[in-house]
Amino acid sequence: MERDPTVCVIGEDVGHYGGSYKVTKGLATKFGDLRVLDTPIAENSFTGMGIGAAMTGLRPVIEGMNMGFLLLAFNQISNNCGMLHYTSGGQFTIPVVIRGPGGVGRQLGAEHSQRLESYFQSIPGLQLVACSTPYNAKGLMKAAIRSENPVVLFEHVLLYNLKEKIPDEEYVLCLEEAEMVRPGDQITILTYSRMRYHVMQAAKTLVNKGYDPEVIDIRSLKPFDLYTIGNSIKKTHRVLIVEECMRTGGIGASLRSAIIDNFWDYLDAEIMCLSSQDVPTPYAGTLEEWTVVQPAQIVSAVEQLCKKT
Amino acid sequence: MPSLSKICSSFCFLSLLPRSRSRAPNPQAMAALRRFSSPAILPLRRFAASCPFSATAGDDQAVMTVETSVPFTGHRIDTPSRSVETTPKELLSFFREMSLMRRMEIAADSLYKAKLIRGFCHLYDGQEAVAVGMEAAITKKDAIITAYRDHCIFLGRGGKLIEAFSELMGRRAGCSKGKGGSMHFYRREAEFYGGHGIVGAQIPLGCGIALGQKYSKEETVTFTMYGDGAANQGQLFEALNMSALWDLPVILVCENNHYGMGTAEWRAAKSPAYYKRGDYVPGLKVDGMDALAVKQACKFAKEHVLKNGPMILEMDTYRYHGHSMSDPGSSYRTRDEISGIRQERDPIERIRKLILSHEISTANELKDIEKEVRKEVDAAIAQAKECPMPDSSELFANIYVKGLGVKDQAP
């Protein structure tokens, strides 16, 4: 926001309140009420307004207080955000960033535990990115703001409290690149957002048991970084996808198809995909645990896949 | 002097209609509609005789004053004067532009029936005065955004006939390279933001454009157009609330042609007084078939919103065609109603009568303009027909800027 006066923030309680997860804390004091716009509760229209402002050259960062609330803005995100560049024959660009916390939290209930990446992935013209660490959150956010394309940045409710030492110098990450978390030789585990941590927990157990998993945080949900993913599959010949969105129509389903289309000949076993159950997230703690993928399931999946020759 | 109260009551004409179950209102009420809402040609001639003006044949920049057909009705605002300043040059340009728009839409009708235009095609004939009057009041730095009845607004913003017809026929010379179609005309260099298919979704976009204008501080405004059907969309009220909260320079223009597709306004809105629906936001009701009234209202609105935040303009207008080419337009209204309005309130005829009564031009000269316009339209169509379809590479162009993500989508 310092570097570019056209960057602004639009969302509920982003200004004076500092953001419901403190992401925009201090910005309103520094940049004023017009650049850090506190909106009424009107997701459909303030998303539309952000898109309209982007058409004039501003670069709004639109926040959904919870990603799930952006379902109210689906029409604006799909038709106007994703498609205007195309239907205007390239005349208008929509350099917005739509961001917010999503994913399953701690007993927040069904409506506040949604994963919208599966709903948005078919929209042409949108880029979908999921951050997972303080380092990649900063780098991806900067890249998303600088991109001329509309980017949906998926943050996760449970990851806001992570602490990490990050470089003082400015850095910008590539939106379409996946992140190599742990190189390995035996099996490719593809994951993103919070599930990265479950995978790494499982990886510890697996390494102790003598396995050598390669863990890749795909980060770019649309388009997939098939270059990094492909190189890994060519090396390991086994793929496990671990995701938090629903089994039906999720990111994993699309990723599986993309891998089959492109890397079929390199596979020695079927692609396994561990996803959340196709249920509304229940409130009770034990039930909630069973909806998402847990490290123990990841360990047994790897063991199962590695048994195949 | 005709009874002003009678003319004022023309704005309540639809509330006179019986709320019966039958789709076509009774003929007596429709006759009342035509009578009360007519521009009352007689008083116009009386004014022409009594108003001092100094237009002579060669003096086309001389300012003249014309009264609008009816006075404006305001909501929480003092209305502008009915006396509009204009020049013979402006009146002639109104005539020409509206004739061009009318001809374009009628030609589009034939092209659609010849299956050269496919899909949806929403025609604007009857409503030309809104497009033309608005342009006369503003600059190309002010922004306009509208819904799918956008062909004439595109022309008004400087769009070319060849771009319009090519786009309608899906050719590569179209304003959106053939990829948008009838509902997606845009012209960035003239601040025309389209061209939108989903009813009402353009309203928050328009308020966002005004937000961008407020940032730039260039004293420009946005006219966000929508219809009586869209006037009941929640996002309108959400966006209006935010615009009023932040004093955005946006004018919401309701082109009330009295029918949301097949549903008459009194069947869709508890309160069809759309200029009042903004509640705390001021509004003005305007005779949308009178280009001079439209011009006056838009000029007034622009000055107002730059100082005071948003306002609503309701243009009382009418479309001769049905909602789109697949709607004959006669199942929910009578042919008498349509021909009545055409006879009494047609925007082009009004300007023609003004021009003739002020002796700015002769009837034959005006006919010549119409012939010229027709030739222009025919030439543009012929040219557009020759234009090739878009190249197959266009399928994947402009999805992303710089072609991102195309590589794993393309076959």
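Residues numbered from 1 in each chain as written. Chains lettered and ligands numbered in written order. Predicted model: local features only at pLDDT ≥ 70, side-chain atom pairs only at ≥ 80, totals over all residues. Heavy atoms only, no water.

Chain B goes by Pyruvate dehydrogenase E1 component subunit alpha in an unreviewed UniProt entry, where it is assigned to Apostasia shenzhenica. Of chain B, the UniProt comment under Catalytic activity (unreviewed entry) reads exactly: "N(6)-[(R)-lipoyl]-L-lysyl-[protein] + pyruvate + H(+) = N(6)-[(R)-S(8)-acetyldihydrolipoyl]-L-lysyl-[protein] + CO2". The UniProt entry for chain B carries the following text under Cofactor (unreviewed entry): "thiamine diphosphate". (UniProt positions renumbered as here; feature names shortened; annotations may be inferred.)

Per an unreviewed UniProt entry, chain A carries the name pyruvate dehydrogenase (acetyl-transferring) and comes from Apostasia shenzhenica. Regarding chain A, the UniProt comment filed under Subcellular location (unreviewed entry) reads as follows: "Plastid, Chloroplast". Check the Subunit (unreviewed entry) section of the UniProt entry for chain A; it says "Tetramer of 2 alpha and 2 beta subunits."

This next bit is on the pairing of strand β4 (residues 97-102) of chain A. Residues and elements named next belong to chain A. Of all the six residues making up β4, six are buried; the element is thus mostly covered by neighbouring parts of the structure. In β4, alternate side chains face the same way, and those of Val-97, Arg-99 and Pro-101 on one face and Ile-98, Gly-100 and Gly-102 on the other are all buried. Across three bridges, the pairing between strand β3 (residues 59-63) and β4 is parallel. By the bridge assignment for β4, Val-61 is matched with Val-97. One ladder, built from six bridges, connects β4 with strand β6 (residues 151-156); its direction is parallel. Paired with Ile-98 across the two strands is Val-152, which belongs to β6. (Buried < 20%, exposed > 50% of the residue type's maximum accessible area, 1.4 Å probe, protein only. Helix = DSSP H or I, 4+ residues; strand = E, 2+ residues; numbered from the N terminus. Pairing = 2+ DSSP bridges.)

Let us now look at a nonpolar patch on the surface. On the surface, a nonpolar cluster with roughly 220 Å² of combined accessible area is contributed by Tyr-21, Val-23 and Leu-108 of chain A. Judged by relative accessible area, Val-23 of chain A falls into the partly exposed class, the value being 33%. (Patch = residues over 30% accessible without salt bridge, like charges linked within 9 Å, V, L, I, M, F, W, Y side chains within 5 Å. Areas by Shrake-Rupley, 256 points an atom, 1.4 Å probe, with all protein chains shown as cover. Salt bridge = Lys/Arg side-chain N within 4 Å of Asp/Glu carboxyl O.)

With that out of the way, let us pick up the domain arrangement of chain A. Accessible area lost during the coming together of the parts is what is often quoted as the interface size. Residue and element names in this part refer to chain A. The domain boundaries assigned to chain A delineate domain 1 (7-156) and domain 2 (179-306). Put simply, the middle of domain 1 and the middle of domain 2, counted by C-alpha atoms, are 27 Å apart. Each partner contributes residues to the interface: domain 1 has 28 residues there, and domain 2 has 27 residues. Buried surface at the junction of domain 1 and domain 2, both sides included, amounts to about 2200 Å², of which 50% is carbon and sulfur. The three residues of domain 1 that bury the most area against domain 2 are Gln-107, Arg-115 and Gln-121, which together make up 29% of that side's buried surface. Between domain 1 and domain 2 we count zero salt bridges in total. (Domains from an automatic or database assignment. Contact = heavy atoms within 4.5 Å. Buried area = accessible area lost by both parts, 1.4 Å probe.)

Attention now moves to the packing of helix α7 (residues 195-208) of chain A against helix α11 (residues 295-307) of chain A. Residues and elements named next belong to chain A. The geometry of α7 relative to α11 is characterised by a closest axis approach of 8 Å and an angle of 55 degrees between their N-to-C directions. Classified by the interaxial angle, the pair formed by α7 and α11 is oblique. Judged by the sense of rotation from one axis to the other, the crossing of α7 with α11 is right-handed. Seen from α7, the contacting residues are His-198, Val-199, Gln-201, Ala-202, Thr-205 and Leu-206; seen from α11, they are Pro-295, Ile-298, Val-299 and Val-302. (Axes fitted to C-alpha atoms, helices over the stretch in contact; angles between N-to-C directions. Parallel < 35°, antiparallel > 145°, perpendicular 65-115°, else oblique. Left-handed = near helix turned anticlockwise from the far one by under 90°.)

What follows concerns the packing of aromatic side chains. If you walk through the whole model with that rule in mind, you get ten aromatic pairs over all chains. Relative to Tyr-171 of chain A, the ring of Tyr-135 of chain A lies with its centre 4.5 Å away and its plane at 10 degrees, an arrangement referred to as stacked. Linking Tyr-135 of chain A in helix α6 (residues 134-146) with Tyr-171 of chain A in the loop between β6 and β7 (179-182), this pair joins segments that are 36 residues apart in sequence. According to the relative accessible area criterion, Tyr-135 of chain A is partly exposed, its value standing at 29%. When its relative accessible area of 10% is taken as the criterion, Tyr-171 of chain A is described as buried. Ring centres of Phe-154 of chain B and Phe-185 of chain B lie 5.1 Å apart, and the angle between their planes is 75 degrees; on these two criteria the pair is classed as edge-to-face. Placement of Phe-154 of chain B in helix α7 (residues 151-156) and of Phe-185 of chain B in the loop between α8 (161-168) and α9 (202-216) is noted, with a sequence separation of 31 residues between them. Ring pairs connect the aromatic residues Phe-74, Phe-120 and Phe-154 of chain A, which therefore count as one cluster. The lysine or arginine in question, Arg-333 of chain B, covers the ring of Tyr-259 of chain B, its NZ or CZ lying 5.7 Å from the ring centre. Across from the ring centre of Tyr-320 of chain B, 4.0 Å away, lies the NZ or CZ of Arg-342 of chain B, which sits over that ring. (Phe/Tyr/Trp six-rings, centres within 6.5 Å; stacked < 30°, edge-to-face > 60°. Lys NZ or Arg CZ within 6 Å of the ring centre and 35° of its normal.)

Before going further, it helps to examine the UniProt feature "domain: Dehydrogenase E1 component" (unreviewed entry) in chain B. The residues that UniProt annotates with the feature "domain: Dehydrogenase E1 component" (unreviewed entry) are residues 97-391 of chain B. End C-alpha atoms of residues 97-391 of chain B are separated by 33 Å, and the span's content is 46% helix alongside 11% strand.

What follows deals with the nonpolar core. Within the largest apolar cluster, 78 residues are counted, with the highest numbers of intra-cluster contacts made by Phe-120, Phe-154, Leu-190, Ile-218 and Ile-259 of chain A together with Tyr-226 and Leu-252 of chain B. Discounting chain neighbours no more than four positions away, the residues touching Leu-190 of chain A are Ile-216, Ile-218, Ile-229, Val-239, Leu-240, Ile-241, Val-242, Leu-255 and Ile-259 of chain A. Membership of the second largest hydrophobic core comes to 71 residues, among which are Ala-131, Met-134, Val-373 and Ile-381 of chain B. (Core = buried A, V, L, I, M, F, W, Y, C linked by side-chain atoms within 4.5 Å.)

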